[in-house]
Structure formats: structure tokens, C-alpha cells
Amino acid sequence: MLSMATDLRPARLAIAAAFLTQGLVFISLTTRLPRIQDRWDLDELALSGVLLMMVLLAGVGSLVAEKLAPRLDSAVVLRAGLVLIAVSVAVLLLAPAIGVFVGGLAAYGVGLGIVDATGNMQAVALEHRMGRVVLPSCHGAWTLGGIVGALLTLGTSDVPWSALALLALLPLASAAAPYLARDSGVAATSTDTDVPWRAIVMIGLALVVFYTVDTAAATWGPVYLDDVFTAPEELVALATLPYLLASGLVRLAGDRLTEQVGAVRLLRVGAGIAFVSLAIVVAAPSWPVAVLGFTLLGCGVAVVAPLSFSAAAALAGRDADPATRQARVDAVVARFNQFNYAGALLGAVMTGAVGSSSLRIGFAVPLVLVVALFWLARAFAPADDPSV
């Protein structure tokens with residue numbers, strides 16, 4: 001076992017680097033949205049439109065990964081996605097006209113979906129080969145990248161816009177990393193056969209709840225502090241940083257926590273913490289108390305996404321030969337990734353729409369939805385566990 005873990009160490013570092021790169025580039029771009037808005041003179045409606053386009057095309061990218069990975073290997077498709085991100089980031093940051101910027105952002109959306117899907121495919125394959133939980137720490141690397149991206153934005157606010165295109169070098173470097181190749185070159189002839197989609201959808205609903213909560217916190221958290229409490233302007237931009245820090249720490253410890261207490265119990269405890277934290281956010285008398293609520297929220301929901309991918313992959317690959325299992329799992333993980341974007345859209349749209357008069361009411365949406373995790377957690381139980 002020790003020899004196998006040593007042999008897989010380069011691949012594990014490579015996969016973590018892919019997650020970190022994805023988080024760093026994504027947060028580096030989203031935290032510069034006000035600057036992008038000013039650069040291209042976009043009003044809120046226009047900015048919302050191009051962001052919606054990016055999210056929808058990320059879904060397309062995930063579907064592309066679903067079609068290609070079982071045939072070409074997820075490592076090959078992941079490298080292609082990272083190269084696409086590198087090129088598109090350079091294009092959208094160096095764009096001389098709005099049309100070129102939109103084209104670059106569209107290409108970035110497709111690359112985002114490809115890397116999201118294939119990165120999780122690689123992490124799942126690593127779990128299967130190591131025989132232990134590793135997805136939480138992989139997602140923790142994404143969060144770490146996001147934290148670095150946010151800090152870079154704060155520290156490079158005066159850097160010339162063209163210099164930011166150096167971000168493209170990071171995904172290019174990650175594309176050369178030693179990812180896991182498929183055990184067998186033979187792809188499954190059918191990825192749909194015997195896949196328990198009903199059980200996988202139950203797990204997917206938990207992923208929708210997570211991304212609804214996560215997007216609400218990341219998108220509307222700073223606005224909440226600014227509109228409801230009139231927090232100091234220089235602190236509003238930092239509203240989600242404690243959320244990211246808390247989430248990252250729990251994810252990095254999530255492998256061991258899952259092995260010690262089990263996925264079901266860990267998710268239910270997390271759901272309780274998330275419910276209390278969102279109640280604190282909704283009822284907060286001041287902005288520091290709201291920030292405390294967001295910080296606790298990061299602790300509560302951190303492991304939902306990685307454990308969702310792990311559980312869906314376990315169901316998809318059950319009772320299959322190695323070649324069929326990996327091809328089937330790759331396809332299922334890519335399709336499962338669509339729940340990610342569904343939740344992101346719900347978190348961005350529902351929280352804002354319901355909270356149009358007051359974001360206190362808007363944050364009641366994730367407060368209510370997070371209760372569903374108590375019930376959905378039983379879908380994460382191993383098949384041979386009759387106690388749940």
C-alpha cells in the first residue's frame with residue numbers, strides 16, 4: 001500500500017495542481033469583475049448576460065468532456081481544457097474590442113466546464129486506485145487557489161491590465177503535469193448500462209443545494225454587507241474571504257474526517273452548522289456578525305461537493321470490470337457536473353430575486369434549502385450499510 005501511494009504521489013500532486021489552477025484563475029477573474037465592467041462600460045444587465053453565457057457554456061464544456069473522456073482518456077481531455085483556458089484567458093485580457101473579449105470569455109466558459117469535469121474524473125480515478133478518500137483535499141486545493149487569486153487581486157489592483165495575461169502561464173504549466181492514464185486503453189461500449197441514475201440524482205440534488213448556498217455567499221455576500229449594514233467599502237471586497245478560508249481548511253482535513261466519522265454523519269453535522277450559520281446571517285445585527293455567519297457557513301458546507309462526486313462515482317462504477325468502470329465513471333462524473341451549474345444559477349438568481357427588497361429575505365432561500373441535506377445525506381451511505 002505504501003509503495004502504491006508513493007507511485008501515485010506525482011499524479012496526486014498534478015491533480016491537486018489542476019484544481020488549484022482552476023480556482024486561482026476563476027477567482028482572479030471574478031474578483032476583477034468591477035474592473036472588467038469599467039473597462040468595457042458594461043451595465044449590470046450586460047454583465048449579467050455575459051456571465052450567464054459563461055455558465056451555460058461551462059455546461060456545454062462538461063458535456064464535451066462526457067463525450068470525449070471515455071474515448072480519449074480524461075487526462076488527455078484535461079490537458080486540452082487547460083490549454084483552452086490558457087488561450088482564452090490571454091485573449092479576453094488582451095482583447096482590443098468588446099467582441100474579442102466576449103469571444104474569449106465564451107471560450108473560457110467551455111474550458112471551465114471541461115476542466116471542472118475532467119479534474120473530478122482524475123480525482124475519482126485516484127480515489128479508486130489508492131482505495132481511500134482524497135476528493136475533499138483535491139477540492140481544498142481549488143479553494144486554496146481561490147484564496148490566492150483573491151489575495152492577488154487585492155495586491156495587484158494597480159498592475160497594468162495587459163500584465164494580467166501572465167495568468168495564462170499557470171494553466172499551460174499545469175497541462176504538462178503527469179496525470180493518471182487509464183488502466184486500459186479499451187473504452188466502454190456503453191456508459192449507460194446498469195448505471196443507477198435514480199440514486200445518482202439524489203446525490204446530485206445535494207450538489208445543487210451546495211452550489212446554491214455557495215454561489216449565494218460568494219455572489220451576494222459582499223452586496224449584503226454593503227446594502228444592509230453599509231460596511232466599510234474596503235472590507236466589503238473581503239466579505240467572502242473568511243468563507244473561503246474556513247471552507248478550505250475543512251476540505252483539507254476532509255479526507256481524514258470522512259474516514260473517521262463517515263460521509264452521512266459528516267454531511268448531517270455540516271448541514272446543522274450551515275443552518276445555524278445562515279440563521280446568523282439573516283438575523284445579524286451588524287456586519288461583523290454576518291461575516292461570522294459566512295465563516296461558519298464555509299465550515300458547514302465545505303465537503304458536500306467533493307463527497308457528492310465521490311458517491312456518484314462509486315455508484316456508477318459498481319460491479320464493473322476496470323475498463324468499463326473508468327469509462328462509465330468518467331461519463332457519469334461529467335454529466336453529474338451539470339448539477340454544479342444548476343445550483344450556481346439558482347444561487348445567483350433566486351437569492352437576488354427573492355431578496356430584491358431585502359437581502360435578509362434573499363438569504364432565507366439557502367437557509368430553507370440547506371435543511372434538505374439532512375434527508376439527502378442518506379444517499380451517501382455505502383451500499384452495504386443498512387443503518388441509514
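Nothing here was measured: the structure is a model prediction, and the numbers come from that model. Note that residues are indexed from 1 along each chain, following the sequence as it is written. In keeping with the predicted nature of the model, local features appear solely for residues at pLDDT of at least 70, side-chain atom pairs appear and are counted solely at 80 or more, and the whole-chain, interface and lining totals rest on all residues. Note that water and hydrogens are dropped before the side-chain values are worked out from all heavy atoms of the structure.

As for the overall build of the protein chain
Okay, so step 1: Counting its regular elements, the protein chain contains 19 helices and zero strands.
Okay, so step 2: It only takes one pair of heavy atoms within 4.5 Å for two residues to be counted as in contact. A separation of at least 24 residues holds for 86% of the contacts in the protein chain among residues at least 6 apart in sequence.
Okay, so step 3: Accessible surface, the protein chain as shown: approximately 16100 Å² in total, 68% of it carbon and sulfur. Per the convention used, a helix needs a DSSP run of H or I reaching at least four residues, while a strand needs a run of E reaching at least two, with both numbered from the N terminus. Each accessible area is a Shrake-Rupley estimate made with a 1.4 Å probe; only the visible protein chains count as cover when residues are assessed.

What about the nonpolar core?
Okay, so step 1: Definition used in this section: a nonpolar core is a set of buried Ala, Val, Leu, Ile, Met, Phe, Trp, Tyr and Cys residues joined via side-chain atoms within 4.5 Å. Exposure is judged per residue with a 1.4 Å probe applied to protein chains only, and the accessible area is read against the type maximum: over 50% gives exposed, under 20% gives buried, and values in between give partly exposed. By size, the foremost hydrophobic cluster in this structure holds 110 residues, and its most contacted members are Tyr 108, Tyr 179, Tyr 224, Leu 297 and Phe 380.
Okay, so step 2: These domain boundaries are the output of an automatic or database domain assignment. No fewer than three residues from each of domain 1 (9-179) and domain 2 (194-382) sit in this core.
Okay, so step 3: Leave out the neighbours within four places in its chain, and Tyr 224 touches Phe 229, Val 281, Val 282, Ala 290, Phe 294, Leu 359, Arg 360 and Phe 363.
Okay, so step 4: Residues Ile 147, Ala 150, Leu 241 and Leu 244 belong to the second largest nonpolar core, which totals five residues.

Quick look at the pattern of salt bridges
Okay, so step 1: A pairing counts as a salt bridge when a side-chain nitrogen of Lys or Arg comes within 4 Å of a carboxyl oxygen of Asp or Glu. All chains considered together, the criterion is met by two salt bridges.
Okay, so step 2: Its salt-bridge partner being Asp 255, residue Arg 12 comes within 3.3 Å of it at the nearest N-O pair. With Arg 12 in helix α2 (residues 9-30) and Asp 255 in helix α11 (residues 241-261), this pair connects stretches of sequence that are 243 residues apart.
Okay, so step 3: A relative accessible area of 26% places Arg 12 in the partly exposed class.
Okay, so step 4: The partner of Glu 259 in a salt bridge is Arg 132, with the nearest N and O atoms 3.6 Å apart.

Focus: a nonpolar patch on the surface
Okay, so step 1: On the surface, a cluster of nonpolar side chains totalling about 570 Å² of accessible area is made up of Val 83, Val 87, Val 91, Val 100, Leu 166, Leu 169 and Leu 172.
Okay, so step 2: Mapped onto the nonpolar patch, the elements with two or more residues apiece are α5 (74-94) and α8 (169-175).
Okay, so step 3: By the secondary structure assignment, Val 83 is in helix α5. Grouping into patches uses exposed residues only, defined as over 30% relative accessible area, and leaves out salt-bridged ones; the cut-off is 9 Å for like charges and 5 Å for nonpolar side chains (Val, Leu, Ile, Met, Phe, Trp, Tyr).

Structural notes on the side chain of Asn 340
Okay, so step 1: Within the secondary structure layout, Asn 340 lies in helix α16 (residues 338-354).
Okay, so step 2: Asn 340 gets classed as buried once you look at its relative accessible area, which sits at 8%.
Okay, so step 3: Non-local contacts of Asn 340, meaning those with residues more than four positions away in its chain, are made with Asp 116, Leu 207 and Tyr 211.

Some details on the packing of aromatic side chains
Okay, so step 1: Aromatic pairs are defined between Phe, Tyr and Trp rings, using the six-membered ring for Trp, whenever the two ring centres lie within 6.5 Å; interplanar angles under 30 degrees are classed as stacked, those over 60 as edge-to-face, and all others as tilted. For the structure shown, the criterion picks out six aromatic pairs.
Okay, so step 2: Each ring, one from Phe 294 and one from Phe 363, has its centre 5.5 Å from the other, and the planes form 65 degrees; the classification is edge-to-face. Here Phe 363 lies in the loop between α17 (359-362) and α18 (364-369) and Phe 294 lies in helix α13 (residues 287-301), a separation of 69 residues in the sequence.
Okay, so step 3: In this structure Phe 294 comes out as buried when scored by relative accessible area, which is 2%.
Okay, so step 4: Look at Phe 363 and you get buried, because its relative accessible area is 1%.

A look at the environment of Met 53
Okay, so step 1: In this structure, Met 53 sits in helix α4 (residues 44-72).
Okay, so step 2: Taking relative accessible area as the criterion, Met 53 reaches 22% and is therefore assigned partly exposed.
Okay, so step 3: Each C-alpha atom of the pair Met 53 and Val 102 lies 9.3 Å from the other, and the pair is 49 residues apart in sequence.
Okay, so step 4: Residues in contact with Met 53, not counting those within four places in the same chain, are Val 102, Leu 105 and Ala 106.

Quick notes on the confidence of the model for the protein chain
Okay, so step 1: Each residue gets a pLDDT score, which is the predictor's confidence in that residue and runs from 0 to 100. When pLDDT is averaged along the protein chain, the result is 83; 87% of the residues meet or exceed 70.
Okay, so step 2: With pLDDT under 50 throughout, residues 184-193 is counted as low confidence; its partners more than four residues away or in other chains account for 13 contacts.

Examining the side chain of Thr 143
Okay, so step 1: Looking at the element boundaries, Thr 143 is found in helix α7 (residues 135-155).
Okay, so step 2: For Thr 143, a relative accessible area of 1% gives the class buried.
Okay, so step 3: For Thr 143, the residues in contact, after removing those within four places along its chain, are Leu 244, Ser 247, Gly 248 and Arg 251.

Some words on the packing of helix α12 (residues 263-283) against α13
Okay, so step 1: Between α12 and α13, the least distance of the axes is 8 Å, while the angle of their chain directions is 165 degrees. In terms of orientation, α12 and α13 fall into the roughly antiparallel class. Here the hand of the crossing between α12 and α13 comes out left-handed. On α13, the residues that touch Gly 270, Ala 271, Ile 273, Ala 274, Ser 277, Leu 278, Ile 280 and Val 281 of α12 are Val 289, Ala 290, Gly 293, Phe 294, Leu 296, Leu 297, Gly 300 and Val 301. All axes here are fitted lines through C-alpha atoms, helices being fitted over the stretch that makes contact, and every angle between N-to-C directions spans 0 to 180 degrees. Should an angle fall under 35 degrees it is called roughly parallel, over 145 degrees roughly antiparallel, and 65 to 115 degrees roughly perpendicular, with every other angle called oblique. Left-handed describes a crossing whose near helix is turned anticlockwise from the far helix through less than a right angle; right-handed describes the clockwise counterpart.

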